[in-house]
Amino acid sequence: VHVFQSILKKLEDFIKDKSNCNPMRNYKISSLPQDVHILMCSMEHTLEDVLGDEQNIEGILLNSTQFLFLTLACCGRHSIRQTRKVDILICDEASQALEVETLIAMSLRPTKIILVGDPRQLSAIVQSQDAISKKFDRSLMSRLMDIRDAKYHMLDTQYRMHPKISKWPSKQYYNNLLRNANSVVDKKRNWKFPDGYQPLTFFNCNKGKEARDHTGSHKNEEEAERVIQIMSEIQKLNKNIQVKVIT
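What you see is a predicted model; the values in this text were computed from it and never measured.

Calculation notes
Residues numbered from 1 in each chain as written. Predicted model: local features only at pLDDT ≥ 70, side-chain atom pairs only at ≥ 80, totals over all residues. Heavy atoms only, no water. Salt bridge = Lys/Arg side-chain N within 4 Å of Asp/Glu carboxyl O. Buried < 20%, exposed > 50% of the residue type's maximum accessible area, 1.4 Å probe, protein only. Helix = DSSP H or I, 4+ residues; strand = E, 2+ residues; numbered from the N terminus. Contact = heavy atoms within 4.5 Å. Phe/Tyr/Trp six-rings, centres within 6.5 Å; stacked < 30°, edge-to-face > 60°. 1 Å grid on protein atoms, 1.4 Å probe; cavity = no way out; pocket = protein on both sides within 12 Å on 5 of 7 lines; lining within 4 Å. Points joined across faces, edges and corners; volume = space filled by probe spheres on them. Nonpolar A, V, L, I, M, F, W, Y, C, P; charged D, E, K, R; others polar.

Colleague: Just checking my understanding: could you explain the pattern of salt bridges for this structure?
Modeller: One side chain can pair with another of opposite charge once the charged atoms of both are near each other. Taken as a whole, this structure holds 4 salt bridges when the rule is applied. Measuring nitrogen to oxygen at the nearest pair gives 3.6 Å for the salt bridge that ties K219 to E221. By relative accessible area, K219 is classed as partly exposed at 34%.

Colleague: Would you mind going over the environment of K164 with me for this structure?
Modeller: Along the chain, the position of K164 falls in helix α10 (residues 163-173). Note: C-alpha distance between K164 and L200 (36 residues apart in sequence) is 6.7 Å. Not counting the four nearest positions on each side in its chain, K164 is found in contact with Q198, P199 and L200.

Colleague: Mind showing me how you'd approach the packing of aromatic side chains here?
Modeller: Within a pair of aromatic rings, the relevant descriptors are the distance that separates the centres and the angle that separates the planes. Inspection of the entire model under this criterion finds 5 aromatic pairs. Both rings, one in Y173 and one in Y174, keep their centres 6.5 Å apart while their planes meet at 65 degrees; by these two values the pair is edge-to-face. Relative accessible area serves as the criterion here: at 33%, Y173 is assigned to the partly exposed category. A residue is classified by how much of its surface remains accessible, and Y174, at 17% relative accessible area, is buried. Ring geometry for Y197 against F203: centres 5.4 Å apart, planes inclined by 65 degrees, an arrangement best described as edge-to-face. Judged by relative accessible area, Y197 falls into the buried class, the value being 13%. Here the aromatic cluster, defined as three or more aromatic residues joined through ring pairs, consists of W168, Y173, Y174 and F202.

Colleague: Any chance you could explain the layout of surface pockets here in plain terms?
Modeller: One way to see where empty space is left: roll a probe the size of a water molecule over the atoms. Approximately 1,500 Å³ is the volume found for the largest pocket. Among the elements that make up the lining of the largest pocket, the one with the highest residue count is helix α12 (residues 221-237) (7 residues). Residue composition of the lining of the largest pocket, grouped by class: 19 nonpolar, 7 polar and 8 charged. Of the pockets and cavities examined, the second largest pocket occupies roughly 1,300 Å³. Around the second largest pocket sit 31 residues that line it, and G117, D118, P119, M154 and L155 are the ones nearest its centre. Residue assignment for the lining of the second largest pocket shows that the elements contributing at least two residues are β2 (112-115), α9 (140-145), β3 (157-158) and α10. In the lining of the second largest pocket, the residues fall into 19 nonpolar, 6 polar and 6 charged.

Spelled out as structure tokens, the structure:
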């Protein structure tokens, strides 16, 4: 029903809009064949047919849907590869995926690929030095961006960090191109910093040593004690503040 209503709406808009200057006009019409295909798939299989064919139920549902949300590894499943090809493949966190992992998604035979990610962040972890020497730790996004004169679009506005925190990564990694949204610049902060503390502060725990506990997890007791000390100092000045510790 929703697909049918969408088709009618697009046809109605197309008839009303007689101006060829509207770029969305051609887009809406070009997407009609896909909508009609989805509608036909939905009409072809009744609920009784779907429930009565347990072995093919996944294929029926996959072929009658408009959006697929998958992990890269899932794209290699037989049932996924047997579905109709997709028009657009959007890969999120593309810079953290190995090139070979992204290639798995190519089995969906997309017409267009959009890679979204930040190659300046932590990349995928590869242990083999031999693999690293052959650049098997590289993402497809990084490979494409390394091409000379390659064109890409940078999302240059951040909405999370205090401006004093974003200043350093902007200078270190983004050639001072990172901008702060008004929402973080104008945000009022009612809590207080202890003396000597800044929104971004580094503490040197040079006497700390990495060790493993009985479960095999890594630990550093000096760093843990320093975190407790910092937490105590902050809470003395801010009774109702909420603090999260990321290790």
